[in-house]
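If you want the building blocks of each chain, they are given just below.
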Amino acid sequence: MRFKYTFQKIVDLKSNEKTQAEWVLSGAIGHLREEEENLSTLFSEKSSVETELVSAARHTTASELMSYQYYLDHLNNRIRSKTADVRLAEKNVVEKRGILSSKMVEEKVWDQARNKAYLLHQAMELKKEQEVLDEMATMRHKANHG
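As the structure is a computational prediction, the values presented were derived from the model and not from experiment.

This paragraph deals with the pattern of salt bridges. Counting across every chain of the model gives 10 salt bridges. In this structure, lysine 82 and glutamate 35 form a salt bridge, with 2.7 Å as the shortest nitrogen-oxygen distance. Linking lysine 82 in helix 2 (residues 62-145) with glutamate 35 in helix 1 (residues 8-56), this pair joins segments that are 47 residues apart in sequence. Given the relative accessible area of 16%, lysine 82 is considered buried. With a closest N to O distance of 3.9 Å, lysine 128 and glutamate 125 form a salt bridge. Of the two residues, lysine 128 and glutamate 125 are both situated in helix 2; the distance of 3 residues between them amounts to about one turn of the helix. Assessed through its relative accessible area of 43%, lysine 128 is described here as partly exposed. Through salt bridges with shared partners, a single network forms among Lys14, Glu17, Lys103 and Glu106.

Cut-offs and rules
- Residues numbered from 1 in each chain as written.
- Predicted model: local features only at pLDDT ≥ 70, side-chain atom pairs only at ≥ 80, totals over all residues.
- Heavy atoms only, no water.
- Salt bridge = Lys/Arg side-chain N within 4 Å of Asp/Glu carboxyl O.
- Helix = DSSP H or I, 4+ residues; strand = E, 2+ residues; numbered from the N terminus.
- Buried < 20%, exposed > 50% of the residue type's maximum accessible area, 1.4 Å probe, protein only.

None of the figures reported here should be taken as evidence of function without further support.
The structure is reproduced here in structure tokens:
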């Protein structure tokens, strides 16, 4: 007799939830990498402006120097903001990893329950088969000695 698990739809659902959590985590990791790249770009831009400022300082007007300084202040503000974005994205990745971990545990629990039910089903089938063979042996024994 073919094995049919009563709760197979739940097993399938748990597997789908785990897969979905993997996709969500992947998206969160992608977002984190994007934020980190943006932050790195801001640091590079700041470094470039600082280098430019140092080399231009000798032959630049005070108003141009102030413009450089305003721009550096602007970059520093963007760096602070982007650093906060990176921290938020990191927190999101940690949260999504936790959710995935939870979904993996749930899936494993249901898979183990299904496997246990399958083993029980197999044992019952073997027992039935053995009972049939025993019955046949008994009938044969009666026929030969009766």
